[in-house]
Protein chains: 2
Amino acid sequence: MDRSTFEDRRRRLAAAAEREGVDGVVVLPGANLSYLTGLRMAASERPTMAVVSGDGGLAMIAPLLEAEKVRRETGIEKVHDYADEDGPLGAVRSALRQVFPAVSTGRALRLGVEYLNMRLFEYRLLDEAVPELVPSDAGPLTAELRGRKDPAEVALIEKAVAVVERATRAARAVVRPGATELDVARAMETAIREDELATGGGSVASGERSAMPHARTSTRTIRDGEVVWADIVVVREGYVADITRTFVAGPLGPELNRVYDVVLEAQRRAREGARPGMTGAELDAMARDYITGQGFGEYFTHRTGHGLGLEVHEEPYIIRTNERPLEPGQVFTIEPGVYLPGKGGVRVEDDVILTEEGARSLTSYPRDLRLGRPS
Amino acid sequence: MDRSTFEDRRRRLAAAAEREGVDGVVVLPGANLSYLTGLRMAASERPTMAVVSGDGGLAMIAPLLEAEKVRRETGIEKVHDYADEDGPLGAVRSALRQVFPAVSTGRALRLGVEYLNMRLFEYRLLDEAVPELVPSDAGPLTAELRGRKDPAEVALIEKAVAVVERATRAARAVVRPGATELDVARAMETAIREDELATGGGSVASGERSAMPHARTSTRTIRDGEVVWADIVVVREGYVADITRTFVAGPLGPELNRVYDVVLEAQRRAREGARPGMTGAELDAMARDYITGQGFGEYFTHRTGHGLGLEVHEEPYIIRTNERPLEPGQVFTIEPGVYLPGKGGVRVEDDVILTEEGARSLTSYPRDLRLGRPS
């Protein structure tokens, strides 16, 4: 993306901030910093911050040893840098003076900060630099901005999807009785690495371990008649794809077969039923009510989905408590699952983009991967 | 490590908390949670917390879909879990009541929290759950605990070191004029993956890009006479090794050759001069004063080193502002560097453990990797 894209996003954030009555927004390494400046960094014990003021100004704070990289990657010439031995406080003060010339007069400064990303460490630094800091959560502002993906973002997610589906195919080729979960995970990872720009990995869980929705890969050996799910995440040029498929090692018994049917149908209902204007709660109910009606409600222990883009979990969440309407351009997962303790779990996850007409699935790998008839 | 190790660590933390006059300590996913419970998790939008009380009690809070994993990995039976749709507040309240029965009486609760790890999101949740919360930074308490590595930890770091040195060898084999930085990085990564328990990677920077101390790998082609540094991090069973070596693509010109000499000598001085009782500042000066005396002080733009263990950067920091004495059992890096803008940078980094007699280097890969005579 070119620099005008980032400038435009900052202008839109500034306008939203002004509407909300905040003087500016501070973003830290993570998705919002990438979205607003193009800079991809990890949080560390050396704070890096971007301050966007309500009039569209921008000030960058970075440790000295990152400053040149920040300039190169963002094209922003003026970086308020600091040496390890000096610490960041002076740089934070000079950055704030750049965009808020009145900050030292003692007037209250209303700053949006990322509640889900800012650590107490960084907050205390801001609090020390600003005579009267009035914080609020910038999460809703940035979520609104990032929720509707622009075409360049969708194209990037689709490239990540191509890799995640290649990894799914590679995983499927390895699943059989006698293989281990780790064998399957390594096949996935090798497939991901074939794309030089992609990183990623995932979790594989088989047999009774698959009943833990967030199990990590183990060295467990897969046995005949078991379900094996693989939940795979790929990050490519900053954008994420996320898929889950449930493979089988030989025909399933009737109980797991029934669970598989129920999950597939719940997933299809939500995927085909999604519409703009429906709330996250309503879409969650499309999958959940069906599963509950089939008698498995207590075994569907998580939400139906989550937004994705620069983060693997971001808004909108497809969950009973999300009363905000879904909008065209949003990208999110639909991934109901049913987990029978001691027996196994089935989850089927797609990434979809919402259009005026409904959800278009970006992931198209076959969803029903069962073999033969129930044994 | 067995469960008694974690129980012992929690008892020591509880004793330290009591000494400091705090009622308990809250730790979140990350190094401290691993250290105290064995649980390896990443922070997410679903909070997970462990609360250690001053009398050694422990309460765990986890999202429902992680609860079984938490029980399995920690052996802790009582987990205060919460469903996505309910949110975490009730679970936080019941966990606090478990270890602080008086919490609901409105008495002030003094809690140590991780300033470097806790987000405003989690802090506000605690603040809502506790009628009168008095926070303080738990960082110094946990740093003291984690600083001195026990023999089992040192053994794990040494296993990570073996992998990081294998990756160094693999990188060196690829460096030559015409290869790209990415070629070198991929050779490192492939070597790391040969160990099933290891993950990791690193950065490779060549030519004028090597003058950025934190440059990331690019597709730049290496040319004759250039320096190429590789900074490699390996995580194995939770423990980290971190190495930097500077390779060359053909003999260096006199200026870079001189820089290479100066960095090697500064690194040797600090490595051989380190002693318990010396402060982090004093050890930093052993490398820095030499570099400054040779006229390159302004080009050594970062601290001399950082602790490592469960984190790639942790205390003790080898930096001018660290006035605390170093202690036997601490593991840290020694990594001076000199970076000439537009020309290139040289850094040499070892991982050392401090003993009563001095520093023992855990990394032993050759440090002077120059070819032939200066051209």
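Reading guide: rules and limits
- Residues numbered from 1 in each chain as written.
- Chains lettered and ligands numbered in written order.
- Predicted model: local features only at pLDDT ≥ 70, side-chain atom pairs only at ≥ 80, totals over all residues.
- Heavy atoms only, no water.
- Helix = DSSP H or I, 4+ residues; strand = E, 2+ residues; numbered from the N terminus.
- Rg over C-alpha atoms; globule rule 2.2 N^0.38 Å.
- Buried < 20%, exposed > 50% of the residue type's maximum accessible area, 1.4 Å probe, protein only.
- Least-squares fit on C-alpha atoms with pLDDT ≥ 70 in both.
- Contact = heavy atoms within 4.5 Å.
- Buried area = accessible area lost by both parts, 1.4 Å probe.
- Salt bridge = Lys/Arg side-chain N within 4 Å of Asp/Glu carboxyl O.
- Polar contact = N/O pair within 3.5 Å; in protein donor to acceptor, adjacent residues only side chain to side chain.
- pLDDT = per-residue confidence, 0-100.
- Core = buried A, V, L, I, M, F, W, Y, C linked by side-chain atoms within 4.5 Å.
- Domains from an automatic or database assignment.

Draft legend 1. Fine view of the overall build of chain A. A tally of regular secondary structure across chain A gives 10 helices and 16 strands. Over its C-alpha atoms chain A spans a radius of gyration of 23 Å, differing by no more than 12% from the 21 Å that the globule rule assigns to 375 residues. Summarising its shape, the C-alpha atoms of chain A cover approximately 75 × 40 × 35 Å along the three principal directions. For chain A, the proportion of its 375 residues judged to be buried stands at 59%.

Draft legend 2. Quick peek at the relation of the copies chain A and chain B. Of the two same-sequence chains, chain A is brought onto chain B (RMSD 0.0 Å, axial shift 0.0 Å) by a rotation of 180°. Accordingly, the operation relating the two chain copies is best matched by a two-fold axis. Ranked by how close their C-alpha atoms come to the rotation axis, the residues of chain A are headed by Arg119 of chain A, at 2.0 Å. Of the interface residues in chain A, 98% have counterparts in chain B that sit at the interface too, so the contact is made through matching surfaces.

Draft legend 3. Fine view of the interface of chain A and chain B. Tallying the contact residues gives 42 residues for chain A and 41 residues for chain B. Regarding the contact of chain A and chain B, the summed buried area is about 4,400 Å², with carbon and sulfur atoms giving 52% of it. Put simply, chain A and chain B have eight salt bridges between them. Counting every contact that joins chain A to chain B gives 25 residue pairs in polar contact (both at pLDDT 80 or more). Elements represented by at least two residues in the side of chain A that touches chain B include exactly α3 (64-74), α5 (120-129) and α8 (181-193) of chain A. The leading source of residues in the side of chain A that touches chain B is α3 of chain A, at seven residues.

Draft legend 4. Region of the structure containing the confidence of the model for chain A. Counting all residues, the mean pLDDT for chain A is 94, and 99% of those residues have values of 70 or more. For this predicted complex, the interface confidence score (ipTM) comes to 0.82, while the overall pTM stands at 0.84.

Draft legend 5. Representation of the side chain of Glu335 of chain B. Residue and element names in this part refer to chain B. With respect to the helices and strands, the residue Glu335 is situated in the loop between β12 (331-334) and β13 (337-340). A relative accessible area of 9% means that Glu335 is categorised as buried. A distance of 3.0 Å separates the side chain of Glu335 from the side chain of His306, its partner in a polar contact. Contacts of Glu335, omitting those with residues within four sequence positions, involve His302, Arg303, Thr304, Gly305, His306, Arg347, Val348 and Glu349.

Draft legend 6. Molecular detail of the nonpolar core. Among the nonpolar cores identified, the biggest contains 93 residues, and Val184, Met188, Ile232, Leu283 and Phe332 of chain B are the most heavily contacted of them. With 11 residues, the single largest contributor to this core is helix α7 (residues 151-174) of chain B. Summarising the domain contributions, this core has at least three residues from each of domain 1 (3-146) and domain 2 (148-361) of chain B. Once you skip the residues sitting within four places of it in the chain, Val184 of chain B turns out to touch Ala171, Val174, Val175, Val204 and Ile222 of chain B. Counting residues in hydrophobic clusters, the runner-up holds 92 residues, among them Val79, Leu145, Ala171 and Ala266 of chain A.

Draft legend 7. Fine view of the pattern of salt bridges. This model, assessed by the stated rule, comprises 74 salt bridges over all chains. Its salt-bridge partner being Arg148 of chain A, residue Glu327 of chain A comes within 2.6 Å of it at the nearest N-O pair. Within this pair, whereas Glu327 of chain A is found in the loop between β11 (314-318) and β12 (331-334), its partner Arg148 of chain A is found in the loop between α6 (139-147) and α7 (151-174), the two being separated by 179 residues in sequence. Under the relative-accessibility criterion, Arg148 of chain A is labelled partly exposed at 45%. Residue Glu255 of chain B pairs with Lys343 of chain B through a salt bridge whose shortest N-O separation is 3.2 Å. With a gap of 88 residues between them, Glu255 of chain B in helix α9 (residues 254-273) and Lys343 of chain B in the loop between β13 and β14 (344-347) connect regions that are remote in the sequence. The class for Glu255 of chain B is partly exposed, based on a relative accessible area of 40%. Within the structure, one salt-bridge network assembled from shared partners comprises Arg146, Lys149, Glu311 and Glu314 of chain A.

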